There are 2 protein chains.
Amino acid sequence: METKTENQLPTPAMLIDLKIVERNLAKLADYCRTHNLKLRPHTKTHKSIAMAKRQLAHGATGLTVAKIGEAEVMREASSDLLLAYPALDAFRSNRVAELARECTIRVAIDSPLAADVLQDAAKRAGSKIGILVDLDMGFHRTGLQDTASAIALAQDVSKKPNLRFDGLFFYPGHLKAKPDPDAHKIAMTEMGAKLSETIDALAKACLQTSIVSGGSTPAGYQSHFTPELTEIRPGTYIYNDWNCAAPGLVPIEDCAAHLICTVISDAVPNKVVIDAGSKTLTSDRLGMDPEHGGFGHLPDYPEAKIVRLSEEHGEVDISQCARRPKLGERVRVIPNHICPCINLQDQVWVKTEEGAIEPLRVDARGKLN
Amino acid sequence: METKTENQLPTPAMLIDLKIVERNLAKLADYCRTHNLKLRPHTKTHKSIAMAKRQLAHGATGLTVAKIGEAEVMREASSDLLLAYPALDAFRSNRVAELARECTIRVAIDSPLAADVLQDAAKRAGSKIGILVDLDMGFHRTGLQDTASAIALAQDVSKKPNLRFDGLFFYPGHLKAKPDPDAHKIAMTEMGAKLSETIDALAKACLQTSIVSGGSTPAGYQSHFTPELTEIRPGTYIYNDWNCAAPGLVPIEDCAAHLICTVISDAVPNKVVIDAGSKTLTSDRLGMDPEHGGFGHLPDYPEAKIVRLSEEHGEVDISQCARRPKLGERVRVIPNHICPCINLQDQVWVKTEEGAIEPLRVDARGKLN
């Protein structure tokens, strides 16, 4: 194993502190145990088999993926996978059906077309695919709009010999990271009422809802306000990011992933340029302040602001800094949104509990579908 | 060679039409010949050795890269490379100096520190590195602010035995794609005056400016309004994108790269969801209308608008569409900004002049520095 010191990492270098990772994993695992919730982390954040295994070691019941390509990678860590994506084209569904021959795989869908396509694929493969019916609980991205459509789709699924209706699915993307647990509590309680209505209607149609899958990092610790939930699927919580820390969802000390950058220009007054642009930090803006929140946070220079990104340049306004970063200096950045940043790298670095720095492959990067 | 038909490509699939590529390359090559300008295309857009070779076949004099890792890849296509980036850390500079042993490599810098670091590296490697002095001509990202600083840096460089002062460099990033050639003409003429002043001052200091390197895709065809230019470095022009076509810089028919997507949900009223989110299209907004321009253009559904991206979902508002895309249908998207999209893929697809569809490796993807 290649071991380096931090100063031996060419920049930009994504460095992940395993002590913080372990603390983040333990905290949510404890919460889930306390509230009798299953935890099925979304692996889109880390895309790493080793990190998935850490989550499973903390008691995760299985893993969530967005793509069949990710499922095929994460199969090495778990044989209980949820594809949180309507895999309704022949390319995805055939691979899902193939994987279902050797492990438990469920797919969240919101259309009869998806049920038809997955049934056909599973029939050809001789496998059985679990289905969760996706409900729109307020994010308005995917998901059925009303109980009647959900019942109809569940009934459709339950009649297909190679599918198995397992329950309900939703993604509460409209619950943003903000320091107002009361607002989340109210929203989570309302979602519970809607879920309860659907579960009752399904029961009347003789359909059992074994799983109710929801959850996200921003709403994770309010999950008990939706008692209908049986499992949650947060992703970001393993590393956290500035979208979590800026609004106070987590303390900045819980951000496990820092991008180490070098100041490569100071020629323009009141500005330095770091070697991380949109091809490293992404153009994802800060959720709580998209217009003025900048493109990441410099914890050692909190008054600095990353005001503009080119592809390989990050322009940092240092006009408000009492102490200013110097040309050639290495500075740390906490990205706004860690998930797409990790996705840009073949390999990141981890700092072990013993202080060694080792490479970590981003195993499921580059899986397009 | 694996050959497919378009419908055999799993989505999202980036498909590049080589007929359009060849037309785009020929057009700018013609312009450069007419105006006696050297063309040194920026390979950041395609990151492909094969595409670089096409540019060289059209008469490009060499290639531009942003990273030493890209230079090490593009060395296969050309032995005349410009690193348009201040490589002032030990990791980059040592690799630059090593590569300079076997080919012509120039670096654009804007600080004495960069000159010192590159000199040390080149001395150790026993090589010589060409230097262009970076001037800020209005974009205010990198670049020296005045003639006096430029002269001082050029003199500093000229005294270092392993460096060679070759000329001046600037990036006119403030000249955006817009259908107002007069505004560009005025700006380009003003830049010419500043350059001329610096070149004269350098001459008085007995320093010859062999190269004046500028240019970009938006300002490319106005380069002759800056007669001091000896070469230009456009990148995007090979493929073009919605940032080029929306403001009328190029006709939409000149967009060579289309992302083929599948409609994977239509459950939410007035919306469909395609299988391309920020991990495929990036969060780069439309330059001419960041607030309301959406995240890409659907040429077959021009009234549709990609209003929100999650990592793997693109939400398309179809409320204004007379004809609406159907669930399961494959639709094309022209990305806002093609360069970072290509960077997200290990491999894209090309449609050859004969109509065959073949894979194209993105050779220089994933080079962090």
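Details of the structure are given in the entry above.
Right, let's walk through the structure included here.

Reading guide: rules and limits
Counting restarts for each chain, with residues numbered from 1 along the sequence as it is written. Going through the entries in the order they are written, you letter the chains from A and number the ligands from 1. Only residues with pLDDT of 70 or above have their local features reported here, since the model is predicted, and side-chain atom pairs are shown and tallied only from 80 upward, although totals for entire chains, interfaces and linings are computed over all residues. Think of the side-chain values as coming from all heavy atoms in the structure, minus any hydrogens and water. Criterion used throughout: strands pair if DSSP finds at least two bridges between them. Secondary structure is summarised from DSSP: a helix means a run of H or I of at least four residues, a strand means a run of E of at least two, and numbering begins at the N terminus for each. Note on definitions: a residue-residue contact is assigned when non-hydrogen atoms from the two residues lie within 4.5 Å. Summed over both partners, the accessible area lost on bringing two parts together, with a 1.4 Å probe, is the buried area. For salt bridges, the criterion is a side-chain nitrogen of Lys or Arg within 4 Å of an Asp or Glu carboxyl oxygen. The definition of a polar contact used here is a pair of N or O atoms within 3.5 Å, where within protein one atom must be able to donate a hydrogen and the other to accept one, and adjacent residues in sequence count solely through side-chain atom pairs. Buried, partly exposed and exposed residues are distinguished by accessible area as a fraction of the type maximum, computed with a 1.4 Å probe on protein chains only: under 20%, between the cut-offs, and over 50%, respectively. The fit set for superposing copies consists of C-alpha atoms from residues with pLDDT of at least 70 in both; the fit itself is least squares. Note on terminology: pairs of cysteine sulfur atoms within 2.5 Å are recorded as disulfides. In this tally, Lys and Arg are treated as positive and Asp and Glu as negative; His is ignored, and so are the chain termini. Working definition: a ring pair exists when centres of Phe, Tyr or Trp rings (six-membered ring for Trp) sit within 6.5 Å. Plane angles under 30 degrees give stacked, over 60 give edge-to-face, the rest tilted.

Another aspect to go through is the sheet that holds strand 5 (residues 104–109) of chain A. Residues and elements named next belong to chain A. The strand order across the open sheet formed by eight strands is 2-9-8-7-6-5-4-3, and the pairing between neighbours is parallel. Two strands close off the open sheet at either side, each with one partner strand: strand 2 (38–39) and strand 3 (63–65). As paired elements, strand 5 and strand 6 (residues 129–134) share four bridges and run parallel to each other. Paired with A108 across the two strands is L132, which belongs to strand 6.

This part covers the interface of chain A and chain B. Often the size quoted for an interface is simply the accessible area lost on bringing the parts together. With 65 residues of chain A at the contact, the number on the chain B side is 65 residues. Carbon and sulfur atoms supply 53% of the area buried between chain A and chain B, which totals about 5200 Å² over both sides. Contact with chain B buries area across many residues of chain A, yet R141, K279 and L368 of chain A alone supply 13% of it, more than any other trio. Seen at the junction of chain A and chain B, the total is ten salt bridges. Across the contact surface, chain A and chain B share 30 residue pairs in polar contact (both at pLDDT 80 or more).

For side chains bearing opposite charge, pairing can occur when the charged atoms are close. Scanning the model with the defined rule gives 56 salt bridges over all chains in all. Across the pair R40 of chain A and E231 of chain A runs a salt bridge whose closest N-O atoms are separated by 3.0 Å. Here the residue R40 of chain A occupies a position in the loop between strand 2 and helix 2 (49–57), and E231 of chain A occupies one in strand 9 (residues 231–232), the gap between them amounting to 191 residues. Each of the two residues, R40 of chain A as well as E231 of chain A, counts as buried. Its salt-bridge partner being R75 of chain B, residue E102 of chain B comes within 2.8 Å of it at the nearest N-O pair. Within this pair, whereas E102 of chain B is found in the loop between helix 4 (90–99) and strand 5 (104–109), its partner R75 of chain B is found in the loop between helix 3 (68–74) and strand 4 (80–83), the two being separated by 27 residues in sequence. According to the relative accessible area criterion, E102 of chain B is partly exposed, its value standing at 49%. Through salt bridges with shared partners, a single ionic network connects R40, D80, R106, R164, D166 and E231 of chain A.

On to the pairing of strand 12 (residues 305–309) of chain A. Residue and element names in this part refer to chain A. With four bridges connecting them, strand 12 and strand 13 (residues 314–317) associate as antiparallel partners. Pairing of K305 across the sheet is with D317, part of strand 13. In this structure, the hairpin formed by strand 12 and strand 13 is closed by a connection of four residues.

This part covers the relation of the copies chain A and chain B. Note on the copies: chain A fits chain B at an RMSD of 0.0 Å, the axial shift is 0.0 Å, and the rotation between them is 180 degrees. Both copies are brought into coincidence by an operation consistent with a two-fold rotation axis. Of every C-alpha in chain A, the one belonging to S283 of chain A sits nearest the axis of rotation, 2.6 Å from it.

As a further point, take the state of the cysteines. Summed over all chains, the structure comprises zero disulfides over all chains. Distance from the sulfur of C255 of chain A, which forms no disulfide, to the nearest cysteine sulfur (C244 of chain A) is 6.8 Å. Distance from the sulfur of C339 of chain B, which forms no disulfide, to the nearest cysteine sulfur (C244 of chain B) is 8.5 Å.

What follows concerns the side chain of D284 of chain A. Mapped onto the secondary structure, D284 of chain A falls in the loop between strand 11 (271–274) and strand 12. We note that D284 of chain A is buried and unpaired, the nearest opposite charge coming from R285 of chain A at a distance of 8.3 Å. Here the side chain of D284 of chain A touches S283 of chain B through a polar contact of 2.3 Å, side chain to side chain. For D284 of chain A, the contacting residues outside a window of four places in its chain are F295, N336, H337 and P340 of chain A together with S278 and S283 of chain B.

Let's shift gears to the packing of aromatic side chains. Aromatic ring pairs: the centre-centre distance and the angle between the two ring planes describe each pair. Residue and element names in this part refer to chain A. By the definition in use, this model includes four aromatic pairs over all chains. A ring pair is formed by Y31 and Y221, whose centres lie 5.1 Å apart and whose planes are at 70 degrees; its orientation type is edge-to-face. With Y31 in helix 1 (residues 18–34) and Y221 in the loop between strand 8 (211–214) and strand 9, this residue pair connects regions lying 190 residues apart in the sequence. Ring geometry for F139 and Y171: centres 5.4 Å apart, planes at 85 degrees, overall edge-to-face. Of this pair, F139 sits in the loop between strand 6 and helix 6 (147–158) while Y171 sits in the loop between strand 7 (163–169) and helix 7 (181–204), and the two are 32 residues apart along the sequence.

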